[in-house]
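Structural description and commentary
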Amino acid sequence: PVKMLAPADSTVTGKVLQYENFVNDVLRRDLRAVMDQRDQVYEKISEYLQLKNTIQSLQAESGHLKTEVDLGCNFFVQAQIEDASRIFVAVGFGFFVEFTLDEALKFIDKKTNQLTAFTEQLTKDSAKIKAHIRLVLEGLRELQGLSELTQTQTSRGDVF
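Keep in mind that this is a model prediction, so the values were computed, not measured.

**Let's talk about the side chain of Thr-119**
Relative to the assigned elements, Thr-119 resides in helix H2 (residues 101-144). The contacts of Thr-119, once residues within four sequence positions are left out, are Arg-38, Val-41, Tyr-42 and Ile-45.

See below:
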């Protein structure tokens, strides 16, 4: 026998589907985008910290540097730099600025502080999105008349 849905049941079912689509299509996508952006910023911070370590080792080595330079297609040649007291640092948007080693260290400190503040904001944004997901899921639970989410569901990560 086919069970006919009452008009109220079909309205609730429609609302449940709308909210599920909202969670899956909007909130989870937004959360993924914020987390990806935060990961990219962490990569930039890592690159700046690696540059900082390189500059500090340059300062300790009296300014001479032997290195290998990639000429393209993985073809490397040895190079010797007589005066490594000035370097070019990528500052964004394809621009490079020539700095002394001390100026570069100051720039790196300011830039990493700025990027760290940005990651903190992205972390707050992701927490807000997670809270919205949780709120909508709780609303769905109430709409469907289900009992509380079990602890195993939330600990396995099914909610987020």
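**Describing the nonpolar core**
In terms of nonpolar packing, the biggest core is built from 26 residues, with Tyr-48, Ile-55, Ile-87, Val-89, Ala-104, Phe-107 and Ile-133 touching the most fellow members. Of all elements in the fold, only helix H1 (7-60), strand E3 (86-92) and H2 reach the threshold of two or more residues within this core. Element by element, the count of residues in this core is highest for H2, at 12 residues. Beyond its immediate stretch of four places on either side in the chain, Phe-107 contacts Tyr-48, Val-89, Ala-90, Val-91 and Phe-99.

**Focus: unusual backbone geometry**
Unusually for a residue other than glycine, Cys-73 sits at a positive phi of about 55°. Among the structural elements, Cys-73 can be located in the loop between strand E1 (65-70) and strand E2 (76-81). Phi at Asn-74 is positive, roughly 55°, even though this residue is not glycine. Structurally, Asn-74 is set in the loop between E1 and E2. Exposure remark for Asn-74: the relative accessible area of 64% places this residue in the exposed category.

**Considerations on the pairing of E2**
Pairing geometry for E1 and E2, over 6 bridges, is antiparallel. Bridging across to E2, Asp-70 finds its partner in Phe-76. Here E1 folds back onto E2, and the loop between the two strands holds 5 residues, one of which, Gly-72, carries a positive phi near 120°.

Rules and cut-offs
Residues numbered from 1 in each chain as written. Predicted model: local features only at pLDDT ≥ 70, side-chain atom pairs only at ≥ 80, totals over all residues. Heavy atoms only, no water. Helix = DSSP H or I, 4+ residues; strand = E, 2+ residues; numbered from the N terminus. Contact = heavy atoms within 4.5 Å. Core = buried A, V, L, I, M, F, W, Y, C linked by side-chain atoms within 4.5 Å. Buried < 20%, exposed > 50% of the residue type's maximum accessible area, 1.4 Å probe, protein only. Pairing = 2+ DSSP bridges.

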